[in-house]
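Secondary and tertiary structure notes
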Amino acid sequence: MLKTGLSQEIPFSVTPELTAKAVGSGTLEVLATPILIARMEQAAWTAAAPALEAGCSTVGTLMNVKHLSPTPLGMRVTCRAELTEVDGRRLVFLVTAWDAAGPVGEGIHERAVIQNDRFLEKAAKKAAAL
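Notes on the structure in this doc start here. (Residues numbered from 1 in each chain as written. Predicted model: local features only at pLDDT ≥ 70, side-chain atom pairs only at ≥ 80, totals over all residues. Heavy atoms only, no water.)

**Some points on the layout of surface pockets**
When its volume is computed, the largest pocket comes out at roughly 220 Å³. Every residue along the wall of the largest pocket is listed here: R89, V113, I114, Q115, R118, F119, E121 and K122. The set of elements that each furnish at least two residues to the lining of the largest pocket consists of β5 (102–115) and α3 (116–128). Among the elements that make up the lining of the largest pocket, the one with the highest residue count is α3 (four residues). In the lining of the largest pocket, the residues fall into three nonpolar, one polar and four charged. In this structure, the second largest pocket spans a volume of roughly 160 Å³. Every residue lining the second largest pocket is listed: L2, A51, L52, E53, C56, V86, G88, R89, V113, I114 and Q115. Of the residues forming the lining of the second largest pocket, the biggest block, three residues, is contributed by β5. Of the residues belonging to the lining of the second largest pocket, the class tally is seven nonpolar, two polar and two charged. (1 Å grid on protein atoms, 1.4 Å probe; cavity = no way out; pocket = protein on both sides within 12 Å on 5 of 7 lines; lining within 4 Å. Points joined across faces, edges and corners; volume = space filled by probe spheres on them. Helix = DSSP H or I, 4+ residues; strand = E, 2+ residues; numbered from the N terminus. Nonpolar A, V, L, I, M, F, W, Y, C, P; charged D, E, K, R; others polar.)

Next up, the structure:
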């Protein structure tokens, strides 16, 4: 059952392939903002997943994040998501990230609970219309 307070942390190290230079979001070898956001999203969906009914999952619908501080190569970052609101199928998470020097990012992430089969059917209809 989905309820507020569910949380998950995702720790990782900044490697060359996770930098702004490598992913094309900038020219520097520091943690890329798209990677930070992806790991925050990973923390959110993995927090919710065990509480979902069979055949359901969640999809991201909104991400509003501030990237507060650069993280250099080799440093570890931890991203955390905590479920703060459940409004029908809409889930709201507080997402945060930090490294050894302090805060790296913070924001709000929303996800929607979906039925996998129906969602994939919509995607298939869209692809067929091309």
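What follows picks up the thread again.
**Notes on the side chain of H109**
Here H109 lies in strand β5. Within the structure, H109 has its side chain in polar contact with the side chain of R111 (distance 3.0 Å). Not counting residues within four places of it along the chain, the set of residues in contact with H109 comprises E41, A44, G60, L62, M63, L91, V92, F93 and V95. (Polar contact = N/O pair within 3.5 Å; in protein donor to acceptor, adjacent residues only side chain to side chain. Contact = heavy atoms within 4.5 Å.)

**Structural notes on α3**
A rise of 1.5 Å per residue sets the reference length of α3, with its 13 residues, at 18 Å; its end C-alpha atoms lie 18 Å apart and thus fit the reference within 8%. Little of α3 is tucked away: zero of the 13 residues are buried. (Expected span 1.5 Å × (residues − 1). Buried < 20%, exposed > 50% of the residue type's maximum accessible area, 1.4 Å probe, protein only.)

**Overview of the packing of aromatic side chains**
As enumerated under the stated definition, the model contains zero aromatic pairs in all. Above the face of the F12 ring, R39 is positioned so that its terminal group lies 4.6 Å from the ring centre. (Phe/Tyr/Trp six-rings, centres within 6.5 Å; stacked < 30°, edge-to-face > 60°. Lys NZ or Arg CZ within 6 Å of the ring centre and 35° of its normal.)

**Points about the pairing of strand β4 (residues 90–99)**
Here ten bridges tie strand β3 (residues 76–87) to β4, and the two strands are oriented antiparallel to one another. What sits directly across from T78, in β4, is W98. Linking β3 to β4, which pair antiparallel, is a turn of two residues; within it G88 sits at a positive phi near 65°. The loop that links β4 with its antiparallel partner β5 comprises two residues. (Pairing = 2+ DSSP bridges.)

**Comments concerning the environment of E106**
With respect to the helices and strands, E106 occurs in strand β5. For the pair E106 and T96, spaced ten residues apart in the sequence, the C-alpha separation amounts to 4.3 Å.

**Considering helix α2 (residues 33–48)**
The end-to-end C-alpha distance of α2 is 23 Å, a good match for the 22 Å that 16 residues give at a rise of 1.5 Å each. On its buried side, α2 packs onto β1 (7–13), α1 (20–23), β2 (56–67), β3, β4 and β5.

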